[in-house]
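Residue-level structure breakdown
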Amino acid sequence: MSWSKVHSDPDVYEVRVPFQNVSTSATNCFVVMDGGEALVVDTGAPTEEGAAVLDAALDEIGVERSRATFFLTHLHLDHAGLVDRVAPEGATVLVGSADFDAMRASGASAYERMRRLLASEGVSLSDASGYARHSVEMPLFDPARVDVRFAVEGDEVPVGGRRLRVVEVPGHTPGSLALFDPASRILFGGDHVLFVISPGIALFPDGRDGLQAYLDSLEKVRSLGCSRLFVAHGDERADFEARIDWLRAHHLGRLEEAQGIVRSCPGLSGEEVVRSIKWNVPFERWEDISFMQRWCIVMEGLVFLNHLVDRGLVRRDEDEAGVRRYF
Ligand SMILES: [Zn+2]
Ligand SMILES: [Zn+2]
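What this report covers is the structure whose coordinates are included nearby.

Criteria and thresholds
Residues numbered from 1 in each chain as written. Chains lettered and ligands numbered in written order. Predicted model: local features only at pLDDT ≥ 70, side-chain atom pairs only at ≥ 80, totals over all residues. Heavy atoms only, no water. Core = buried A, V, L, I, M, F, W, Y, C linked by side-chain atoms within 4.5 Å. Buried < 20%, exposed > 50% of the residue type's maximum accessible area, 1.4 Å probe, protein only. Contact = heavy atoms within 4.5 Å. Helix = DSSP H or I, 4+ residues; strand = E, 2+ residues; numbered from the N terminus. Arc of directions from axis to C-beta. Pairing = 2+ DSSP bridges. Donors = N, O, S within 2.8 Å, 3.2 Å for Na, K, Ca; no water. Tetrahedral: all angles 85-135°; square planar, octahedral: opposite > 155°, others 65-115°.

1. Examining the nonpolar core
Grouped together as the largest cluster of nonpolar side chains are 51 residues, with contacts concentrated most on Leu118 and Leu187. Not counting chain neighbours up to four residues away, the residues in contact with leucine 187 comprise Val167, Ala178, Leu179, Phe180, Val221, Leu224, Cys226, Arg228, Leu229 and Phe230. If you look at the next biggest cluster of nonpolar residues, it comprises 33 residues, including Val17, Val40, Ala51 and Phe141.

2. With respect to helix α4 (residues 97–105)
Listed in full, the buried residues belonging to α4 are Asp99, Phe100 and Met103. Down the axis of α4, the sector holding all buried residues measures 100°, keeping them to one side. Backbone geometry just after α4 places glycine 107 at a positive phi near 145°.

3. Let's talk about the sheet that holds strand β13 (residues 268–269)
Spatially, β13-β15-β14 is the arrangement adopted by the 3 strands of the open sheet, whose pairing is antiparallel. With one partner strand each, in any of the chains shown, β13 and β14 (316–318) form the two edges of the open sheet. Pairing between β13 and strand β15 (residues 324–326): 2 bridges, direction antiparallel. Pairing of serine 269 across the sheet is with arginine 325, part of β15.

4. Thoughts on the coordination of the zinc ion (ligand 1)
Protein ligation of the zinc ion (ligand 1) involves His74 (NE2), His76 (ND1), His172 (NE2) and Asp191 (OD), the donor distances falling in the range 2.1 to 2.4 Å. Viewed at the metal, the 4 donor atoms of the zinc ion (ligand 1) are separated by angles of 90 to 169°, and the geometry they form is irregular. Of note, the donors binding the zinc ion (ligand 1) are all from one chain and are spaced H-x1-H-x95-H-x18-D. A separation of 3.5 Å is found between the zinc ion (ligand 1) and the zinc ion (ligand 2), both of which receive a donor from aspartate 191. Placement of histidine 74 in the loop between β5 (68–71) and α2 (77–80) and of histidine 172 in the loop between β9 (162–168) and β10 (177–181) is noted, with a sequence separation of 98 residues between them. Considered together, histidine 74 and histidine 172 belong to a single accessibility category, that of buried residues.

As structure tokens, then:
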């Protein structure tokens, strides 16, 4: 069986919707049930197998689709990809507005903006095109078919007699959301804190410092006093507070490393700085790393450089060729 009951009072069910990528084999979707109403937290990646698993699980758990609300922690394919398959027409779908805007803006202009940005960081033209293609979110569901509502910090999400509370956790995506039940103190964290991988941090389209946003979000979740943290990939663990501390220290260490590289080799391009950082990927030659992993590394590295520039810790100048160099 692909689902199990993971909490009572409120009743929470976890559904593992298959999704194969570098670090995970499933998206953990959750269903909160109370008084015949259901709240579905995330859907899953749009595969035939995933749709069948989620469909069957919702039926077996006894979710009446017409009495279900859908809450998307963020708009990545493996979280929002099955909305069109499982949410009935007109269903309420709660999302973060920043992610929704990014999804709406996806297309030629967003691609071109990203491609240019990457080229200006010294990324080769072919890599810049490839990375940009991966960075632009595809439309994940048809917003005209459902009732999309933007959820913001502190909003109450009712399910039966329960009132869950929205917690904004920008970082992994600009509009990432978590959902907290003040009565039981459980938290649905999406991809904000994971054990299987250090969650990627997004290059925010509005130029905002995504790393600072992520660190602030970690702090916020740390201070909630959660009883349990339900993660969207991998197994739940009790030592999530230690994991939050580790993630914070991990990023601060990498920041220091990036700053040290710029200090000892002033004038490197963005990509050169990123390639000099020690990532958790063993490689002799940059070209030996898989394209997907290089893409993740470059995007996250640029987030770190943005943070250092934002904080005034390194300087960014453009050379005559239009390449950004760091000092
Ligand atoms: Zn994600
Ligand atoms: Zn995910």
